[in-house]
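Listed below, chain by chain, are the residues.
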Amino acid sequence: MSLNVEHDAARRALPSEKPLRLLDNAGHAVTGAATGGFSLPGTETLLDLYRKMVVARRFDVQVTALTKQGRLATYPSAYGQEACEIGAVSAITADDWLFPTYRESVALLTRGIDPGDILKSFRGDWHSGYDQRAHRTSPQTTPLATQALHAVGLAHAARLRHDPIVALTFMGDGATSEGDAHEAFNFAAVWQTPTVFIVQNNQFAISVPLARQTHAATLADKAVGYGMPGFHVDGNDVAAMYAVTHAAVDRARSGGGPTLIEGLTYRVEAHTNSDDPTRYRHARDVEHWKRRDPIERLEKYLVSEGALTEATRSEITDAAEALAAHTREVITTEAELDPLELFDHVYANPRAALLEQRARLEAELAEAAAEPR
Amino acid sequence: MTATKTRSGGGAASAPTQLTMAGALNAALRDAMAEDDRVVVYGEDVGPLGGVFRVTDGLQHQFGDERIWDSPLAESGIVGTAIGMAIYGMRPVVEMQFDAFSYPAFEQIVSHVAKMRNRTKGRVSLPLVVRIPCAGDIGGVEHHSDSSESYWASTPGLTVVMPSNPADAYSMLREAIASDDPVIFMEPKSRYWAKAPLALPVTTAPMHRALVVREGSDVTLIGYGPTVRTALEAADAAVDEGLSIEVVDLRSLSPFDDETVSASVRKTSRAAVIHEAAQFGGFGAEVAARVTERNFFHLAAPVLRITGFDIPYPSPKLEEYHLPTADRVLAALASWEWDLS
Ligand SMILES: Cc1ncc(C[n+]2csc(CCOP(=O)(O)OP(=O)(O)O)c2C)c(N)n1
Ligand SMILES: [Mg+2]
């Protein structure tokens, strides 16, 4: 579907309450109204998405294990949300900008950021560990919904400069209750910025279920009030997430303005390692959603199409294992941290008072180093 | 006062004319926008209206609405989008309509404007300016007269400045816009209409420097923004009492010019700081602590704070009782035991 043609209808119509879907849970291609007029991406694209998801899952499981071993200070897992993150992020180019939250580590991995650099912040080395400019990816943001405004501002700047750049940003279902979510949606729509908002509705904000965040039928409904198109998408269907995001990115790039895409998914793991989900949800709910696993769904489809050979499968497994080994290695290698660097990036213009404090810490360190052990 | 000179690299200086601080700020924005097309200006009512204080008067007419425009009415949105624009290489100058209305942007300013550069190890600087009309003494109803400077000044990563006169207003705003660090640019509302003869463009001292704006030998009065005038009035009045007051205009709260302040205090051996904001946890506490830490053995008396009371800002008919006045300054100085021999 071309979002341009449908734009006027889309911005006035409420999204379907039934999630838009291209592959059902049994791995069958969906036909009819549920597709929202979008078509299934080609096998090549689907295979690529499959590969990325398998690798990302392996990464996520590995990092959760390392966190349990005490190697990381915290890790918000994306287990079960791979389709939502990878489908969306695969629809932008290396020239576009990404504004992620703490939840989107697998999206960053898909964007080509090294696991060691992604995990520096979760290990506690520095607040953000990758090259934000090289990857055109802002730091993983913690204050909820604040990054959405950065995405809108950057997109607006690009538009003023006539650069065909799109800014894609993620936020959670809980974050949609924040004032900054509202302000971001509104600024984007009023300014018609090339911004794509992905709302990852994993149905929980730590312990608080979606019903306590909104009385709207879907989070995508909110788009209508801002005068932008909104899509309520099956977030465990990577084909649908990719196709809808791709269309929204195209539309944004060609001057058609912002889009809000809600991916309905489920947070299979705890909020972070320090959370105890048994206090607020039933194991049977988790089991229910595990049976809707996004990777298995695509795998069934690819197998039924004869597109996933044993050779490809084992090659992907090998790649995933290699990445896991690399992740273990970079995490278990102690980082060399320089405490004096604490002072070096606060201001572009050096400050006397800070240089004094730096010298004081330097002297302390020198003294400590000189002390006999 | 340190002599002002024509801004290097600018066009020929105009002949001096009477200019208000609002006019000087307007000229600074105009010149910055003309010089650098990365400079964009937005906020509430800054377009056709020219801002509620007319600081952006005529700019949209001159530069068009892709350089200066009215944004939706949401302060977090204004600052949050400015962050994104700055990441992309623009130099946004955004306006908060009144200081109390900057509070919706508090999270964006404190959690991101202040921290982005550090978080990214210097890869992502945010060269943006948040202009905040500040302080009272304009008969404003509630929420129109706050002094929020200490919130910003106590946040590492921010540069916080406040000019007290038209020449500094022009020069410091130009410097703030050119800075690679984000600047909270506070404009004392009660001084917007104060006039001074000025030839533009003008470059005064670098904005991180405090200035001795009146020399004296017995006391150092430290003020910023609106209280520089209060300090000068007190200095005038004190002459009759045989007291010689030196006045320091801080200009920048963060960074703090310890050198200039300490040099003055060591000369006079007595210091008092004046601000409109409440005393408790106010910026004066920082000034008093710094002055004392560095100059304790040169001080003949404790450092005094002459400030607003520790109350919410009063309604217009009662604000005169709250604001520090020259009389109150002199009364406070009289509380010291003087031995000028
Ligand atoms: C402004 C703000 N308030 C509170 C928090 C603490 N907090 C961190 S994550 C979280 C839940 C967010 O839920 P959601 O937006 O659904 O994202 P998810 O974690 O499920 O991906 C909360 C309350 C925060 N980071 N920022
Ligand atoms: Mg959630």
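Predicted, not measured: the structure shown is a model, and the values here were computed from it.

Criteria and cut-off values
- Residues numbered from 1 in each chain as written.
- Chains lettered and ligands numbered in written order.
- Predicted model: local features only at pLDDT ≥ 70, side-chain atom pairs only at ≥ 80, totals over all residues.
- Heavy atoms only, no water.
- Helix = DSSP H or I, 4+ residues; strand = E, 2+ residues; numbered from the N terminus.
- Rg over C-alpha atoms; globule rule 2.2 N^0.38 Å.
- Buried < 20%, exposed > 50% of the residue type's maximum accessible area, 1.4 Å probe, protein only.
- Contact = heavy atoms within 4.5 Å.
- Areas by Shrake-Rupley, 256 points an atom, 1.4 Å probe, with all protein chains shown as cover.
- Lys, Arg positive; Asp, Glu negative; His and termini not counted.
- Charge placed at Lys NZ, Arg CZ, Asp CG, Glu CD.
- Phe/Tyr/Trp six-rings, centres within 6.5 Å; stacked < 30°, edge-to-face > 60°.
- Lys NZ or Arg CZ within 6 Å of the ring centre and 35° of its normal.
- Near = heavy atom within 4 Å.
- Polar contact = N/O pair within 3.5 Å; in protein donor to acceptor, adjacent residues only side chain to side chain.
- Nonpolar A, V, L, I, M, F, W, Y, C, P; charged D, E, K, R; others polar.
- Axes fitted to C-alpha atoms, helices over the stretch in contact; angles between N-to-C directions.
- Left-handed = near helix turned anticlockwise from the far one by under 90°.
- Domains from an automatic or database assignment.
- Buried area = accessible area lost by both parts, 1.4 Å probe.
- Salt bridge = Lys/Arg side-chain N within 4 Å of Asp/Glu carboxyl O.

A. Local environment of the overall build of chain A. Looking only at helices and strands, chain A features 13 helices and seven strands. Here the C-alpha atoms of chain A give a radius of gyration of 22 Å, agreeing with the 21 Å that 2.2 N^0.38 yields for 373 residues. Taken over the C-alpha atoms alone, chain A extends approximately 75 × 50 × 40 Å along its principal axes. Counting the 373 residues in chain A, one finds 54% classified as buried. Counting contacts in chain A only where the partners sit at least 6 residues apart, residues at least 24 apart contribute 75% of the total. Of the roughly 15700 Å² of accessible surface on chain A, 50% is carried by carbon and sulfur atoms. The distance from the centre of the 37 positive side-chain charges to the centre of the 50 negative ones in chain A is 4 Å.

B. Inspection of the packing of aromatic side chains at higher detail. Under the defined criterion, the tally for this structure stands at 23 aromatic pairs over all chains. Here Trp191 of chain A and Trp69 of chain B contribute two aromatic rings whose centre-to-centre distance is 5.7 Å and whose plane-to-plane angle is 85°, an arrangement assigned as edge-to-face. Here Trp191 of chain A is found in helix α7 (residues 179-191), whereas its partner Trp69 of chain B is found in strand β4 (residues 68-70) on a different chain. You can call Trp191 of chain A buried: its relative accessible area is 7%. Among the aromatic residues, those joined into a cluster by ring pairs are Phe53, Phe98, Phe101, Tyr192 and Trp193 of chain B. The ring of Trp289 of chain A has Arg292 of chain A lying over it, and the distance from NZ or CZ to the ring centre is 5.6 Å. The positively charged end of Lys121 of chain B is found above the aromatic ring belonging to Trp126 of chain A, 4.7 Å away from the centroid.

C. Quick look at the site of ligand 1. Near ligand 1, the surroundings consist of 16 residues, among which Tyr102, Arg103, Asp173, Gly174 and Phe204 of chain A are the closest. Near ligand 1, the surrounding residues are drawn from chains A and B. The separation between a nitrogen atom of ligand 1 and a polar main-chain atom of Thr142 of chain A is 2.9 Å. Within the contact set of ligand 1, an oxygen atom lies 2.7 Å away from a side-chain nitrogen or oxygen of Asp173 of chain A. For ligand 1, whose free accessible area comes to 580 Å², the fraction covered by protein is 75%. Partitioning the shell around ligand 1 into residue classes produces seven nonpolar, five polar and four charged.

D. Representation of the packing of helix α9 (residues 258-268) of chain B against helix α10 (residues 283-295) of chain B. All names here are of chain B. Across the interface, α9 lies against α10 with an axial gap of 10 Å and an inter-helix angle of 65°. Where α9 crosses over α10, the two elements pack in a sense that is right-handed. Between α9 and α10, the contacting residues are Asp258, Val261, Ser262, Val265 and Arg266 on the first element and Arg290, Val291, Arg294 and Asn295 on the second. In terms of residue class, the contact of α9 with α10 is made up of three nonpolar, two polar and four charged.

E. A look at the domain arrangement of chain B. Residue and element names in this part refer to chain B. One can read the domain layout of chain B as domain 1 (17-198) and domain 2 (211-333). Contacts between the two partners involve 26 residues from domain 1 and, on the opposite side, 21 residues from domain 2. Here domain 1 packs against domain 2, burying approximately 1800 Å² in sum over the two surfaces, 53% of which is carbon and sulfur. Applying the counting rule to domain 1 against domain 2 returns two salt bridges. Here Asp168 and Arg251 are joined by a salt bridge, their closest N and O atoms 2.9 Å apart.

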